[in-house]
Amino acid sequence: MLAIIGGSGLSQFASLEVTQRQLVSTPYGEPSGTLTFGRVCGRPVVFLARHGDEHTIPPHQVNYRANIWALRECGAAAIVAVAAVGSIRADLRPGDLVIPHQIIDYTWARRSTFHEGSDSAVRHVDFTEPYDPGWRRKLGDAAVAIGLEVSDCAVYATTQGPRLETAAEINRLERDGSDVVGMTGMPEAVLARELAIPYAAINVVANYAAGRGDSRTGISMEAIHEVLKEAMQQVQAIIETMLTADD
Ligand code: HPA
């Protein structure tokens, strides 16, 4: 079963034929909201809204550990994470879709491992390639199959939020090699890795990052909402196509 984590602009998956909704608890507390089980194009899927069913949980307060643990417990074989991002690179425009291949973590004070506590042995996981190459390819192939362009190579910078960045911070992220910026990629990706769940992401460019493009003097939240509404339809079409690719 595929798990889909929906971000801003995707708090439910339109074509999901719901069979069951389940509120679960985990040793790490409550996930962001209800786990919604069902079928998309006949394939079993579980959906979770990262920011809660009513979009009330800010990025730094998402219980990433509970979310990933709950998805593993309910039998998720892989996770596709959907998230909005700002674009640092001039050629990535609002509305564009990105499948990132690398990630940089600028967050702080988030619970970012399952391996802590006095009764837990110290464990390190390999994270050279943070996103699963096989699932990245499946997403990319599905996009191509329905004629949608995606950028399948991008470095995602994870900032703490919930505020957006300053223009100087974006310049720094660019110097570090980042292409897009979002607030939720970490620790989500590494927690999936710790539980050995293949994890890939699809990002929607919601805006130019601070100081770039038409965000030179500020970022309009209304414009972001408009872009996300439109582009999330495409994200859902890609996932639907991917799920039926072996037919
Ligand atoms: N910065 C951080 N996160 C974001 C942005 C941004 O500009 N846009 C959408 N998510």
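Just above, that's the structure.
Here we summarise the structure given alongside this text.

Scoring rules and cut-offs
- Per chain, residue numbering runs from 1 following the sequence as it is written.
- Thresholds applied to this predicted model are a pLDDT of at least 70 for local features of residues and 80 or more for the giving and counting of side-chain atom pairs; totals over whole chains, interfaces and linings are not thresholded and use all residues.
- For the side-chain quantities, the full set of heavy atoms in the structure was used; hydrogens and water were omitted.
- By convention, a stacked pair of Phe, Tyr or Trp rings (six-membered ring in the case of Trp) has centres within 6.5 Å and planes under 30 degrees apart, an edge-to-face pair has planes over 60 apart, and any other such pair is tilted.
- Only DSSP runs of H or I with at least four residues qualify as helices, and only runs of E with at least two residues qualify as strands; both kinds are numbered from the N terminus onward.
- Buried means the residue's accessible area, taken with a 1.4 Å probe over protein chains only, is under 20% of the maximum for its type, while exposed means over 50%, and partly exposed covers the values in between.
- By the convention used here, strands pair only if DSSP detects at least 2 bridges between them.
- Any residue with at least one heavy atom within 4 Å of a molecule or strand is counted as near it.
- Here a polar contact is taken to be a pair of N or O atoms separated by no more than 3.5 Å, where protein atoms must pair a possible hydrogen donor with a possible acceptor and residues adjacent in sequence count only if both atoms sit in side chains.
- Residue burial considers only the protein chains on display, and all accessible areas are found by Shrake-Rupley using a 1.4 Å probe.
- The definitions used throughout rest on a 1 Å grid laid over the protein atoms alone, on which a cavity is an enclosed set of points accommodating a 1.4 Å probe that cannot get out and a pocket is an open set flanked by protein within 12 Å on both sides along at least five of seven lines; lining residues are those having an atom within 4 Å of a point.
- In this scheme, a molecule is assigned to a cavity or pocket if more than half of its atoms are within 2 Å of the grid points.
- Basically, the charged four are Asp, Glu, Lys and Arg, the nonpolar ten are Ala, Val, Leu, Ile, Met, Phe, Trp, Tyr, Cys and Pro, and anything else, Gly included, counts as polar.
- Grid points are joined across faces, edges and corners, and a volume is the space filled by probe spheres set on the points.
- Here a residue-residue contact requires only that any non-hydrogen atoms of the pair lie within 4.5 Å.
- Two cysteine sulfurs form a disulfide in these notes if their separation is within 2.5 Å.

### Focus on the packing of aromatic side chains
Part 1 of the argument: With the rule as written, the count across this model stands at five aromatic pairs.
Part 2 of the argument: Ring centres of Phe-13 and Phe-47 lie 6.5 Å apart, and the angle between their planes is 55 degrees; on these two criteria the pair is classed as tilted. Here Phe-47 lies in strand β4 (residues 43–49) and Phe-13 lies in the loop between β1 (2–6) and β2 (17–22), a separation of 34 residues in the sequence. Take Phe-13 and Phe-47: they sit in the same class, and that class is buried.
Part 3 of the argument: Ring geometry for Tyr-28 versus Trp-69: centroids 5.2 Å apart, planes at 65 degrees, classification edge-to-face.

### Thoughts on the pairing of β1
Part 1 of the argument: Judged by how many residues are buried, β1 sits mostly within the fold: five of five residues are covered.
Part 2 of the argument: In β1, alternate side chains face the same way, and those of Leu-2, Ile-4 and Gly-6 on one face and Ala-3 and Ile-5 on the other are all buried.
Part 3 of the argument: Direction of pairing for β1 relative to strand β5 (residues 78–87): parallel, over a ladder of four bridges. Within β5, the position partnered with Ile-5 by the bridge is Ala-81.

### Some words on the site of the ligand
Part 1 of the argument: Inspection of the region around the ligand gives Ala-84, Val-85, Gly-86, Leu-164, Glu-165, Val-181, Gly-182, Met-183 and Asn-207 as its neighbouring residues.
Part 2 of the argument: Take Gly-86: an N or O atom from its main chain is 3.3 Å from a nitrogen atom of the ligand.
Part 3 of the argument: The contact in question runs from a nitrogen atom of the ligand to an N or O atom on the side chain of Glu-165, over 2.8 Å.
Part 4 of the argument: Alone, the ligand offers 260 Å² of accessible surface; in the complex the protein occludes 92% of this.
Part 5 of the argument: If you map the ligand onto the pockets, it falls in the largest pocket.
Part 6 of the argument: Elements represented by at least two residues in the shell around the ligand include exactly β5 and β10 (180–182).
Part 7 of the argument: Take the shell around the ligand: its biggest share by element is three residues, from β5.
Part 8 of the argument: Its residues placed into classes, the shell around the ligand shows five nonpolar, three polar and one charged.

### Points about empty space enclosed by the protein
Part 1 of the argument: Within the structure shown, the criterion is met by one cavity of 30 Å³ or more.
Part 2 of the argument: Lining the largest cavity, in full, are Arg-50, Ala-81, Ala-83, Tyr-131, Tyr-156, Thr-184, Gly-185, Glu-188, Tyr-199, Ala-201 and Asn-203.
Part 3 of the argument: Contributing elements (two or more residues each) for the lining of the largest cavity: β5, α4 (185–194) and β11 (199–208).
Part 4 of the argument: Top contributing element to the lining of the largest cavity by residue count: β11, with three residues.
Part 5 of the argument: Across the lining of the largest cavity, the residue classes break down as six nonpolar, three polar and two charged.

### Regarding α4
Part 1 of the argument: Burial analysis of α4 places nine of its ten residues in the buried class, the great majority of the element.
Part 2 of the argument: Those residues of α4 that fall on the buried side of the exposure criterion are Gly-185, Met-186, Pro-187, Glu-188, Ala-189, Val-190, Leu-191, Ala-192 and Glu-194.
Part 3 of the argument: Looking at the buried positions of α4, the neighbouring elements they touch are β1, α1 (64–73), β5, β7 (102–105), β9 (155–158) and β11.

### Examining the state of the cysteines
Part 1 of the argument: Applying the stated criterion to the full structure yields zero disulfides.
Part 2 of the argument: Take Cys-41: it sits in no disulfide, and the sulfur closest to it among the cysteines is that of Cys-74, at 19 Å.
Part 3 of the argument: For Cys-74, a relative accessible area of 22% puts it in the partly exposed group.

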